[in-house]
Amino acid sequence: MNEHFLLSNLIDLQEIDNEIYNIESQKGESENVVLLKELELQYKKANTELDESKNNLSEYFVQLEKDELDIKNIKQKIENIEAKLTDQSLDPNELINYSKQKESSEEQLSKISKNIEALQSENHEELNEIKKYEDTINEIKQKLIDVSKIVKEEWKDLDVNLAESESRKKEMLLTFPEEFQKLYDDLKNRGVQVIAAYKLEDNKCGCCGVELAQGEIDEISKSQYQQCPYCDGVVV
Ligand SMILES: [Zn+2]
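Presented here is an overview of the structure given in this document.

This next bit is on the overall build of the chain. Helix and strand counts for the chain come out as seven helices and two strands. Overall, the chain shows an N-to-C arrangement of helices and strands of α-α-α-α-α-α-β-α-β. By the compact-globule yardstick of 18 Å for 236 residues, the chain is too spread out, its C-alpha radius of gyration being 38 Å. On the principal axes, the C-alpha backbone points of the chain span a range of 120 × 35 × 25 Å. Every one of the 236 residues in the chain was classed for burial, and the buried ones make up 31%.

Tracing the backbone through its elements, the reader meets Lys27 in helix H1 (residues 3–29). Not counting chain neighbours up to four residues away, the residues in contact with Lys27 comprise Val33, Trp155, Leu158, Asp159 and Leu162.

Our focus in this paragraph is the coordination of the zinc ion. The zinc ion binds to the protein through Cys205 (SG), Cys208 (SG), Cys228 (SG) and Cys231 (SG), with metal-donor distances spanning 2.3 to 2.4 Å. Because the angles between the four donor atoms bound to the zinc ion fall within 107 to 117 degrees, the donor set is best described as tetrahedral. Of note, the zinc ion draws all its donor residues from one chain, in the sequence arrangement C-x2-C-x19-C-x2-C. Taken together, the residues Cys208 in the loop between strand E1 (196–197) and helix H7 (214–222) and Cys231 in the loop between H7 and strand E2 (234–235) connect sequence positions 23 residues apart.

One finds Leu10, Phe176, Phe180, Leu183, Ile195 and Val234 to be the most contacted residues of the largest nonpolar core, which totals 23 residues. Residue assignment for this core shows that the elements contributing at least two residues are H1, helix H5 (124–175) and helix H6 (178–189). Residue contributions to this core peak at eight residues, all from H1.

Looking now at helix H2 (residues 31–56). The end-to-end C-alpha separation of H2 is 38 Å, in line with the 38 Å expected for 26 residues at 1.5 Å each. Of the positions making up H2, those classed as buried are Asn32, Val33, Leu36, Leu39, Ala46, Leu50 and Ser53.

Counted under the stated rule, the structure contains 15 salt bridges. We note a salt bridge from Asp17 to Lys169, for which the minimum N-O separation is 2.9 Å. Note that Asp17 is positioned in helix H1 and Lys169 in helix H5, a separation of 152 residues in sequence. Its salt-bridge partner being Glu164, residue Arg168 comes within 3.2 Å of it at the nearest N-O pair. With a gap of four residues between them, Arg168 and Glu164 both fall in helix H5, about one helical turn apart. Glu164 sits in the partly exposed class, given a relative accessible area of 41%. Counted as one network, the salt bridges with shared partners bring together Asp17, Lys169 and Lys188.

This paragraph deals with the packing of H2 against H5. Their axes nearest at 9 Å, the elements H2 and H5 cross at an angle of 160 degrees. In this view, H2 runs roughly antiparallel relative to H5, as classed from their interaxial angle. Classified by chirality, the crossing of H5 by H2 is left-handed. Across the contact of H2 with H5, the residue classes tally to 16 nonpolar, five polar and eight charged.

In total, this model carries two aromatic pairs according to the counting rule given. Ring geometry for Tyr60 versus Phe61: centroids 5.1 Å apart, planes at 75 degrees, classification edge-to-face. On the basis of relative accessible area, Tyr60 is assigned to the buried category, the value being 6%. Just above the ring of Trp155 sits the side chain of Lys27; from NZ or CZ to the centre is 4.6 Å. When the ring centre of Tyr133 is taken as origin, the NZ or CZ atom of Lys132, which lies over that ring, is 5.7 Å away.

What counts as what
Residues numbered from 1 in each chain as written. Predicted model: local features only at pLDDT ≥ 70, side-chain atom pairs only at ≥ 80, totals over all residues. Heavy atoms only, no water. Helix = DSSP H or I, 4+ residues; strand = E, 2+ residues; numbered from the N terminus. Rg over C-alpha atoms; globule rule 2.2 N^0.38 Å. Buried < 20%, exposed > 50% of the residue type's maximum accessible area, 1.4 Å probe, protein only. Contact = heavy atoms within 4.5 Å. Donors = N, O, S within 2.8 Å, 3.2 Å for Na, K, Ca; no water. Tetrahedral: all angles 85-135°; square planar, octahedral: opposite > 155°, others 65-115°. Core = buried A, V, L, I, M, F, W, Y, C linked by side-chain atoms within 4.5 Å. Expected span 1.5 Å × (residues − 1). Salt bridge = Lys/Arg side-chain N within 4 Å of Asp/Glu carboxyl O. Axes fitted to C-alpha atoms, helices over the stretch in contact; angles between N-to-C directions. Parallel < 35°, antiparallel > 145°, perpendicular 65-115°, else oblique. Left-handed = near helix turned anticlockwise from the far one by under 90°. Nonpolar A, V, L, I, M, F, W, Y, C, P; charged D, E, K, R; others polar. Phe/Tyr/Trp six-rings, centres within 6.5 Å; stacked < 30°, edge-to-face > 60°. Lys NZ or Arg CZ within 6 Å of the ring centre and 35° of its normal.

Structure, rendered in structure tokens:
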């Protein structure tokens, strides 16, 4: 009868499961993974605050955009006038006319620039706040990149171990008769924590730790898969 041998195989399988569980816990709980999650939250928060600050200044940004477009157009206009002024064949009237146009455009330009300066100084505090959020976001972004690299490096070894444990588990399960594969799956699916364990010296179930009466131990020995009546784990 090789049933006893197979039941102890369930314990070996449980040990591999424990390994897998431990590796997955390590992956999720390393200091750097915790830090990474914290940084992601900070990043989101800073972006939300930046958006809010920008929304509060939406009128300023609309005006700024308009002014910057005007500046661009006027500069273009001045360039065109300057090109015309180099023309040697201009008569004195044209010369005066273009020079006046240039002067007036330059006045416009200076007016708009002053406008922008005034707007900026008016919204000085809010703009500083936005700058602060942008700096913070850049700092967090850099940290996120650095910590991600470390986590990736950390997980490299763990993932190798994980794949190794999982392939050992698969191989072992393949050597199990179908009914024991099914037993294992059923117990896992029902959320049984410890699938199989040796009985402890003081007659405690090795899976759940409940102290078993002699009658219960006899019942377990007689049952098909030697399952504990309290936790359904297999007691070997
Ligand atoms: Zn038990």
